[in-house]
Amino acid sequence: MTRHALAANENPYPPLPSVRTVIAEAAGGLNRYPDRTVTGLVDALAARHGVPRSHIVTGAGSVGVTHHLLHAVVRDGDEVLYAWPSFEAYPHLTGICRGTSVRVPLRAERHDLAAMADAVTPRTALAVVCNPNNPTGTAVTRAELEAFLDRVPEHVPVLLDEAYREFVRDPEVPDGIELYRTRPNLIVLRTFSKAYGLAALRVGYAVAHEEVAARIRHTVVPFGVNALAQSAALASLAAEDELLERVEAVVKERDRLTSALRPVLPVTASEANFLWLPLGERTTAFAEACARAGVAVRAFSGEGVRVTVGTPEANDAVLLVAAALA
């Protein structure tokens, strides 16, 4: 029986009490449609990031916003360029939108941005950079990303997926919203699923210049962000200082887990809320041992295991398995 769910990069902690109170209050209005234009949340995000509200597009999680973006820019057979392995939704969503995936292999578990720039063709409709990358947790620096953006033609939109931005501690890793201000083709993707602990409610957003944002908004599903999600996201922003204390707790556990694993198993330095263990042929054995110990992890056959940073108790369970297999 699974006691510790460490396979989906979820926040191990529930929403703050103040957020749960708001969700309970909002549940009393479930007979009414949500605000179709997500006005309150868009206003709050615009104020928080110092951007025009017309530059913000919301959706059902970052996956929903990515789907809207692909639907807006991809035509039959157009190419969507991304590193691999990376977020598993990219090929799925590309296929749904009848695009062609162009996968550029990681180099030393990091984005090979030079190779990605080389892979841009006249059919490239979108380039995607997941920073930090899922499943490896590695991140590209500002200098690397700017060099890549300088090489990508201005008519090619670039999606910077920052689902794990709040867990980044390396000062060399850029904040995409700072970069987007002078990059008209840069689209920054954020979510409330990870750091904010609202994965079940499905709310995310993109920040993009007005022309691009309008194209995405044209494809958005009406009422795509439900009322509970809107209320919870607003309440989470209001309680952000307290919430980010929990994020810091996850980061400290990430560092503890990394230090404890390194003497016994290979582990990649991570800027996200998960760790990548490049175990190769030992992948299945480790994942199965975790399962027997009641820990669910995400195995990539023949490559490695992604382990979400959980509570101290869950992380200790992973360490016991690692020690037994070392």
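Residues numbered from 1 in each chain as written. Predicted model: local features only at pLDDT ≥ 70, side-chain atom pairs only at ≥ 80, totals over all residues. Heavy atoms only, no water.

S.K.: Please clarify how the overall build of the protein chain should be interpreted in this entry.
M.R.: A count of helical and extended segments in the protein chain gives 12 helices and 12 strands. Against the 2.2 N^0.38 benchmark of 20 Å for 326 residues, the protein chain shows a C-alpha radius of gyration of 20 Å, consistent with a compact globule. With respect to the three principal axes, the spread of C-alpha positions in the protein chain is 55 × 50 × 35 Å. For the protein chain, with 326 residues in total, the buried portion stands at 55%. Sequence-distant contacts, at least 24 apart, represent 71% of the contacts inside the protein chain between residues at least 6 apart. Side chains of the protein chain give 32 positive and 37 negative charges; the mean places of these two sets differ by 4 Å. (Helix = DSSP H or I, 4+ residues; strand = E, 2+ residues; numbered from the N terminus. Rg over C-alpha atoms; globule rule 2.2 N^0.38 Å. Buried < 20%, exposed > 50% of the residue type's maximum accessible area, 1.4 Å probe, protein only. Contact = heavy atoms within 4.5 Å. Lys, Arg positive; Asp, Glu negative; His and termini not counted. Charge placed at Lys NZ, Arg CZ, Asp CG, Glu CD.)

S.K.: Hey, could you run me through the environment of threonine 258 in this one?
M.R.: Within the secondary structure, threonine 258 sits in helix α10 (residues 240-261). Measuring from C-alpha to C-alpha, the distance between threonine 258 and threonine 308 comes to 12 Å, with 50 residues separating the pair along the chain. Residues within four places of threonine 258 in sequence aside, it is in contact with Val267 and Leu275.

S.K.: Just to check I follow, could you spell out the pattern of salt bridges for this structure?
M.R.: Side chains that differ in charge, positive against negative, can pair when their charged atoms come close. The full count for this structure, using the stated rule, is 16 salt bridges. The salt bridge partner of arginine 256 is aspartate 316, with a shortest N-O separation of 3.0 Å. Note that arginine 256 is positioned in helix α10 and aspartate 316 in helix α12 (residues 312-325), a separation of 60 residues in sequence. Under the relative-accessibility criterion, arginine 256 is labelled partly exposed at 32%. Taken together, the shared-partner salt bridges connect Arg142, Glu146 and Glu178 into one network. (Salt bridge = Lys/Arg side-chain N within 4 Å of Asp/Glu carboxyl O.)

S.K.: Help me understand the domain arrangement of the protein chain, please; the structure alone is not making it clear to me.
M.R.: For the protein chain, the domain assignment lists domain 1 (4-12 + 240-325) and domain 2 (17-237). Here domain 1 and domain 2 have C-alpha centroids that lie 25 Å from each other. Residue-level contacts link 25 residues of domain 1 with 25 residues of domain 2. For the pair domain 1 and domain 2, the summed buried surface comes to about 2200 Å²; carbon and sulfur atoms form 52% of the total. Along the contact surface separating domain 1 from domain 2 lie three salt bridges. Here arginine 298 and glutamate 88 are joined by a salt bridge, their closest N and O atoms 2.3 Å apart. (Domains from an automatic or database assignment. Buried area = accessible area lost by both parts, 1.4 Å probe.)

S.K.: Would you explain the UniProt feature "domain: Aminotransferase class I/classII large" (unreviewed entry) in the protein chain in this entry?
M.R.: Within the UniProt annotation, "domain: Aminotransferase class I/classII large" (unreviewed entry) is assigned to residues 6-317. Helix makes up 39% of residues 6-317 and strand 16%. Its end C-alpha atoms lie 11 Å apart. (UniProt positions renumbered as here; feature names shortened; annotations may be inferred.)

S.K.: In this structure, what is going on with the packing of aromatic side chains? I would like to understand it.
M.R.: Geometry of an aromatic ring pair is reported as the spacing of the ring centres plus the angle between the planes. Inspection of every chain in the model, using the stated rule, returns eight aromatic pairs. Considering the side-chain rings of tyrosine 164 and phenylalanine 274, the 5.1 Å spacing of their centres and the 80 degrees angle between planes classify their relative orientation as edge-to-face. Here the residue tyrosine 164 occupies a position in the loop between β6 (158-161) and α7 (176-180), and phenylalanine 274 occupies one in strand β9 (residues 274-277), the gap between them amounting to 110 residues. Geometry around phenylalanine 223 places arginine 36 over its ring, the cationic atom sitting 5.7 Å from the centre. Cation over ring: arginine 298 sits above phenylalanine 300, and NZ or CZ is 4.3 Å from the ring centre. (Phe/Tyr/Trp six-rings, centres within 6.5 Å; stacked < 30°, edge-to-face > 60°. Lys NZ or Arg CZ within 6 Å of the ring centre and 35° of its normal.)

S.K.: Help me understand the pairing of β6, please; the structure alone is not making it clear to me.
M.R.: Along a regular strand, successive side chains alternate from one face of the sheet to the other. Burial of the side chains of β6 extends over both faces: Val158 and Leu160 are buried on one face and Leu159 and Asp161 on the other. Pairing of strand β5 (residues 124-130) with β6, which is carried by four bridges, proceeds in the parallel orientation. In the sheet register, alanine 127 faces β6, and the bridge partner there is valine 158. Considered for its hand, the β-α-β crossover made up of β5, helix α6 (residues 142-151) and β6 is right-handed. (Pairing = 2+ DSSP bridges. Right-handed = clockwise from strand over helix to strand, strands pointing away.)

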